[in-house]
Amino acid sequence: MNSPRFELTRIPLFKRVVTSRWVPWLFMALTLPIFLLAILTGLFGTPAGSRNFGIIFVWIVWWALVILVMVPFAGRLWCAICPIPAPGEWLQRRALIQPRAGGKLFTLGWKWSPRLNNIWLQNISFLAVALFSAVILTTPFVSALVLLAFAALALGVSLLFERRVFCRYLCPVGGFIGLYAQLAPVEVRVKDAALCRTHTDKTCYRGSDDGYGCPWMVFPAALDKNTYCGLCSECLKTCPLDNMGVFLRVPGKDLQTTKGRRLDEAYKAFIMLTCALAYSIVLLGPWAALKETAYAVGAPAWFVYAIIFLAANLAIVPGIFLACAWLTRKISLHKFSLRRTFTEYAYVLAPLGLAAWAAFSLSFVLINFSYAWQVLSDPFGWGWDLFGTANWTWTPYFAGLQSFLQIPILLAGLIAAIGMALRTAHTQGVPSRAALPIVAFCAAFTMVLLWLYV
Amino acid sequence: MKREWFALGIVALLVIVFPASLFGYQAWRTNSSDARVIDVIASSPENGGWSPDEIRVNVGEHVRLRIAAPDVVHGFEIPALDVRVDEILPGHVQEVEFVATRAGRFPFACTRWCSVNHWRMRGVIWVSDPAQPALPAPTFAPPLYQQLRIDIDAMHPAQNIPPRKPSAARGAQLNLRVDADFRTQSPDAVFAKLRADAAYDAYDDQQLWDAIAFAYFQNVGAENIANGARRYARDCAACHGERGDGQGPAGKDLPGLTTMHPDMPRGPANFTDASAMLGASDALLQGKILRGGMGTGMPEWGSLYTDADLWSVVAFLRTFTFDDPPAP
């Protein structure tokens, strides 16, 4: 666990920025009107998706920013500046900048059910969005309604429950960001664990006059993975011992240990992997009838599509992986239960899934990014030309480079997954060959994606 | 506390004033234009067709239609007002302006093959005259097929079939005068009349057919045929086929005449079928185009085509059974 890390908060300017109470507000104040504009353009703008700010800026610009930049390089950074929880959080605090005495929050104080202290609801909410994604991603009005629903749910939940329950347990985006944030080269961690043990007030969790208890309901002193750390920096503000820091680290450090691996998080890995494959086939593949079926919500053929889509996510792909896990367990002479083998090896799919999503996203982001210039000048599609870019023609960027970028990304994901599978075998104390079925699964998945893309 | 109010003020400014200014700008833009802007969405009929599909304007009103196509390429035309947009690309917004100079009910339609149900993509513009709120009563004569009491749903097979496809070029060389009313008489009826006339005994059957082809094309004129060809390519070829053989891709699943004549083959009419075409007068063909096919899958074009358009399409249809039409 003593892998090298560099404390960014030792840089005075960096520390000043992350401990400033103005910075989170500033980012949210910037993203909130953009979010609002995405909803308004969806509700009142042109129904032509490629001419609507809501579709282009949410599903191309924002998505590219999150999956290609923020998650791989900064983990949950998006969660720190996301505008969706902002109104609820400000209402909970009845403040935008200043902390309340003792970090007091104004909510009904309901406790989240311990039974739901997992990400199953996030898995469900992501699958629900994914199932209708052909419509949501292309129809501005529907897209706006979905964003509105997120905002309303986040606000309602903030008034009833403590802290960021929406972000932690409900947000469909937060689930996969958390999974992949474990690969990021950035972390918020305790500087000296021994020092924490001497501090009985635990202000990082409970809050203090200097800030609020961890909004993500994790105990920062025991933080050992990025999954549920929203990089909000409250713990840096509330720690009186200056014992919390932001660190640069070895990417994927959280996945070097099998400690605390859970079935709900494992399923998130399956859902993300399956969706990347399903989207590649349905949205990018040459099968127009399949794409039309995914779009024809409510039609008899769509129900068949929905059943296959859900079965692939929840049963078929995990089922194939279960067979691999069964073989792995057999090779490792039944040292652990099948459930444990299945769950612990499923995390191997995190780098594979992130690579798959990056490759999939590159295929449409590079092609469609130029629409952003048009909608910037004419967000509603009402014939405006605010910045003189409304009539810039659609231009695919670096289309020839697409495959050259996708292949190394997918191969890097595969190599990382193989490395993790072998490490998992070592951690479990079983021979490396036990990981072979899992490696075969990862290789087969990568081959299918390469066949689709190249 | 001052910091809180400042932060709150900035947020309020961003979430209230910013969107309000966007809508305000649009309102100012609309009001400062001398044209009344009407937003129209063009979607394939399966996705809702025109929205709105009824537009109401006033005589003399400067109207700007902003047409957006969210799904596929569409076209737009109000034939009676001579308003058209040839191409609205998916995701694009096209504007067209017009001033209606007369009151009435004017259909508009998509002019691009946007889906198999493309022909259903139609709407209506009501133009009112505020000085005379009641619409003028339509003034038109019944179509010729009704005046002639032609049953356009019945089969009218030709009694005489030429040995070869009649050629206007060969007919021109005969220097033979054929006086006939091709609108009311089928080519077959004209042939029968000529054959019965002893003055034409010197000519064989093929020569008479060639003479009829030449006379027909002389009668309708090259310009009409060219206009018909344009309409046919735009509105008919998808079902009836480029070669008029009824093999167009959009017509594959249409019932065609089986609705009325179960023994007939399915699909759109085959204009290369000499028996059906030579047995049909121009009035009959015009009636079919004008009224549509009563369950056959053939749309009606009477509400969109002018009388001249209808006759020009009929003239072009004859080029599938008569060779060598005149060049425009």
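All values derive from a computational prediction rather than experimental measurement.

Caption draft 1: Expanded view of the sheet that holds strand β7 (residues 93-99) of chain B. Residues and elements named next belong to chain B. Within the open sheet, the four strands sit side by side as β2-β1-β4-β7. Their pairing is mixed. In this open sheet, the two strands that pair with only one neighbour each are β2 (50-51) and β7. Alignment of strand β1 (residues 36-42) against β2, held across two bridges, turns out to be antiparallel. Residue pairing for β2: Ala 42 is matched across the bridge by Trp 50.

Caption draft 2: Inspection of the domain arrangement of chain B at higher detail. All names here are of chain B. Taken domain by domain, chain B consists of domain 1 (34-128) and domain 2 (144-320). Just the C-alpha atoms count here: the centres of domain 1 and domain 2 sit 32 Å apart. Taken residue by residue, the interface counts nine residues in domain 1 and twelve residues in domain 2. Carbon and sulfur atoms supply 59% of the area that domain 1 and domain 2 bury against each other, a total of about 1100 Å² over both sides.

Caption draft 3: Structural detail: the domain arrangement of chain A. All names here are of chain A. You can read the domains of chain A as domain 1 (1-256) and domain 2 (265-453). Each of domain 1 and domain 2 has a C-alpha centre, and the two are 23 Å apart. Both faces considered, domain 1 and domain 2 share a buried interface measuring about 4000 Å² in area, 75% of it formed by carbon and sulfur atoms. Its largest share of buried area at the contact with domain 2, domain 1 owes to Arg 51, Leu 127 and Leu 131, together 17% of the area lost on that side. Our enumeration of links across domain 1 and domain 2 arrives at one salt bridge. Here Glu 265 makes a salt bridge to Lys 225, at a shortest N to O gap of 3.1 Å. One can count ten residue pairs in polar contact (both at pLDDT 80 or more) joining domain 1 with domain 2. Contributing elements (two or more residues each) for the side of domain 1 that touches domain 2: α2 (22-44), α3 (53-74), α6 (120-131), α7 (133-136) and α10 (172-181). Per-element tally for the side of domain 1 that touches domain 2: the top contributor is α3, with twelve residues. Residues that form the side of domain 1 that touches domain 2 fall into these classes: 31 nonpolar, 14 polar and two charged.

Caption draft 4: Expanded view of the sheet that holds strand β5 (residues 244-249) of chain A. All names here are of chain A. Strands sit in the order β1-β5-β2 across an open sheet of three strands; the sheet is antiparallel. The sheet is open, and its two edges are formed by β1 (5-7) and β2 (186-190), each paired on a single side. Sheet twist, expressed as the mean angle between neighbouring strand axes with direction ignored, is 40 degrees. Relative to β5, β1 is paired through three bridges, and the arrangement is antiparallel. Residue Phe 6 lies in a different strand from β5, and its bridge partner there is Leu 248.

Caption draft 5: Representation of the interface of chain A and chain B in the model. The partner chain B presents 25 residues to the 25 residues of chain A that form the contact. Interface of chain A and chain B: buried area, both sides summed, is about 2300 Å²; carbon and sulfur atoms make up 72% of it. Three residues stand out in chain A for area buried against chain B, namely Trp 22, Trp 382 and Trp 384 of chain A, and they jointly supply 25% of the buried area on that side. In this assembly, chain A and chain B are joined by nine residue pairs in polar contact (both at pLDDT 80 or more). Element by element, the count of residues in the side of chain A that touches chain B is highest for α2 of chain A, at nine residues. Of the residues in the side of chain A that touches chain B, the class split is 19 nonpolar, five polar and one charged.

Caption draft 6: Representation of the environment of Asp 245 of chain B within the structure. All names here are of chain B. As for its placement among the helices and strands, Asp 245 is situated in the loop between α6 (222-240) and α7 (274-278). In the structure, Asp 245 is positioned 188 residues away from Val 57 in sequence and 42 Å away in space, judged by C-alpha atoms. Look past the residues within four positions of Asp 245 in its chain and what remains in contact with it is His 240, Asn 270 and Thr 272.

Caption draft 7: Local environment of the side chain of Gln 428 of chain A. Residue and element names in this part refer to chain A. One can find Gln 428 in helix α20 (residues 402-428). What makes Gln 428 buried here is its relative accessible area of 4%. With residues up to four places along the chain from it excluded, the contact list for Gln 428 reads Lys 335, Phe 336, Glu 344 and Tyr 345.

Rules of the game
Residues numbered from 1 in each chain as written. Chains lettered and ligands numbered in written order. Predicted model: local features only at pLDDT ≥ 70, side-chain atom pairs only at ≥ 80, totals over all residues. Heavy atoms only, no water. Pairing = 2+ DSSP bridges. Helix = DSSP H or I, 4+ residues; strand = E, 2+ residues; numbered from the N terminus. Domains from an automatic or database assignment. Contact = heavy atoms within 4.5 Å. Buried area = accessible area lost by both parts, 1.4 Å probe. Salt bridge = Lys/Arg side-chain N within 4 Å of Asp/Glu carboxyl O. Polar contact = N/O pair within 3.5 Å; in protein donor to acceptor, adjacent residues only side chain to side chain. Nonpolar A, V, L, I, M, F, W, Y, C, P; charged D, E, K, R; others polar. Axes fitted to C-alpha atoms, helices over the stretch in contact; angles between N-to-C directions. Buried < 20%, exposed > 50% of the residue type's maximum accessible area, 1.4 Å probe, protein only.

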